[in-house]
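# Analysis of the macromolecular model
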Amino acid sequence: IVRPNTTAFIGNGVVIDPWALVSEIETVRGLSVEVGPSNLRISESAILLLPLHQKLDTFRENAAGKGKIGTTGRGIGPAYEDKIGRRAIRVADLLEISTLETKIDRLLPHHNALLKGMDRELIDREDLLNNLKEIAPKIIPYACPVWDELYKARSRGDRILYEGAQGTMLDIDHGTYPFVTSSNPVSGGACIGAGVGPTLIDRVIGVAKAYTTRVGEGPFPTELEGSINDQLC
């Protein structure tokens, strides 16, 4: 986003916290970097990460005790669970406020049942609806069919760089399960996560860290502690 004459895309494979995104956009703008619908586009199919996902993530980790995975507590796992469970709210749903209530009514029974089972406060339907209505105008201008924009860019001969976070050891299928993320961050995931065919990718660049780290729990062949670790970190 800091490069002029470059458009940044957030693909359909990402779960987006709309409030965090708006805050990040404002922060970057405060550093005199232009950010707007002209250079940032968000997939209409991307899943929204909601406050209820963060609550559920934190509550479950706390209840797991020694069996916890060590998530970041940002609600990423529960958001992907809703995606696979076909009850998630997507960016496109913000375009149809009239049907948003129906989407929420499908989502809340699942989450409130879990919260009730953990003896936690239930999610208020009207609060969630009002929060989404408030954030919607700040997200909608960026929404578009990213897959279509990428195909048009490729047809023009534009160069496209697909970027993924994490890596093989945190892949939901190929990583150190269950101490993994909730998606496929391996190179092949770029096609699914952006909505393009594999023939549109002609080069893959693998990145390896010289100093291996990981968030939370999970297997580690060796672990360095003490002053040297602090210096490397």
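Anything mentioned here points back to the structure above.
All residue numbers refer to positions counted from 1 along the written sequence of the respective chain. Predicted model: local features are reported for residues with pLDDT of at least 70 only, side-chain atom pairs are reported and counted for 80 or more only, and whole-chain, interface and lining totals are derived from all residues. To obtain the side-chain values, all non-hydrogen atoms of the structure were used and water was disregarded.

### Re the overall build of the chain
Strands here mean DSSP runs of E at least two residues long; helices mean DSSP runs of H or I at least four residues long; both are numbered from the N terminus. Of regular secondary structure, the chain possesses eight helices and five strands. Seen in sequence order, the chain has helices and strands lined up from the N terminus as β-β-α-β-β-α-α-α-α-β-α-α-α. Whereas a compact globule of 233 residues would reach a radius of gyration of roughly 17 Å, the chain reaches 19 Å, a difference of no more than 12%. C-alpha extents for the chain along the principal axes are approximately 55 × 50 × 35 Å. Counting only residues that meet the buried cut, the chain has 33% of its 233 residues in that class. Should any heavy atoms of two residues lie within 4.5 Å, those residues are counted as being in contact. For the chain, the proportion of contacts with a sequence separation of at least 24, taken over those separated by at least 6, is 67%. All accessible-area figures derive from a Shrake-Rupley calculation using a 1.4 Å probe, and residue coverage is judged against the displayed protein chains alone. Surface summary for the chain: the accessible area is close to 14,800 Å², and the carbon and sulfur share equals 52%. Averaging the locations of the 26 positively and 30 negatively charged side chains of the chain gives two centres separated by 3 Å. Each radius of gyration reported is based on C-alpha atoms, and the globular scaling rule is 2.2 Å times the count of residues to the power 0.38. Exposed residues in this analysis have more than 50% of their type's maximum accessible area, buried residues have under 20%, and partly exposed residues fall in between, with area computed by a 1.4 Å probe over protein chains only. In this charge count, Lys and Arg are treated as positive and Asp and Glu as negative; neither His nor the chain ends contribute. In this description, the location of a charge corresponds to atom NZ of lysine, CZ of arginine, CG of aspartate or CD of glutamate.

### Observations concerning the packing of aromatic side chains
Centres within 6.5 Å are what make two rings of Phe, Tyr or Trp a pair, Trp counting through its six-membered ring; a difference in plane orientation under 30 degrees is then read as stacked, over 60 as edge-to-face, and the rest as tilted. Counted under the stated rule, the structure contains zero aromatic pairs. We call a charge positioned over a ring when the NZ of a Lys or the CZ of an Arg lies within 6 Å of the ring centre and within 35 degrees of the ring normal. The aromatic ring of Phe-59 is capped on one face by Arg-120, whose charged end is 4.0 Å from the ring centroid.

### Brief notes about the environment of Ile-135
Note on placement: Ile-135 falls in helix α5 (residues 125–139). On the basis of relative accessibility, which here comes to 5%, the residue Ile-135 falls in the buried class. Distance in space between the C-alpha atoms of Ile-135 and Trp-19 is 7.1 Å, their sequence separation being 116 residues. Apart from the residues within four sequence positions on either side, Ile-135 is in contact with Pro-18, Trp-19 and Val-22.

### Brief notes about the sheet that holds strand β3 (residues 40–43)
Think of it this way: DSSP has to see at least two bridges between two strands before they count as a pair. Pairing is parallel in the open sheet, where three strands are placed in the order β1-β3-β5. Pairing within the sheet leaves two strands with one partner each, and these edge strands are β1 (8–10) and β5 (143–144). Direction of pairing for β3 relative to β5: parallel, over a ladder of two bridges. Note on β5: the bridge partner recorded for Ser-43 is Cys-144.

### A word on helix α4 (residues 97–117)
With 21 residues, α4 extends 30 Å from end C-alpha to end C-alpha; this agrees with the ideal 30 Å at 1.5 Å per step. Its maximal kink placed at Leu-108, α4 deviates by approximately 30°, while the proline Pro-109 follows within four residues. Within α4, the full set of buried residues consists of Leu-100, Ile-104, Leu-107, Leu-108, His-111, Asn-112 and Leu-115. The inward-facing, buried residues of α4 contact α2 (51–64), α3 (76–84) and α5. A positive backbone phi angle near 60° is found at Asp-119, which sits one or two residues after α4. To estimate how far a helix should reach, multiply one less than its number of residues by 1.5 Å. In this analysis the local bend is the angle between axes fitted, respectively, to the seven residues ending at and the seven residues starting at the residue.

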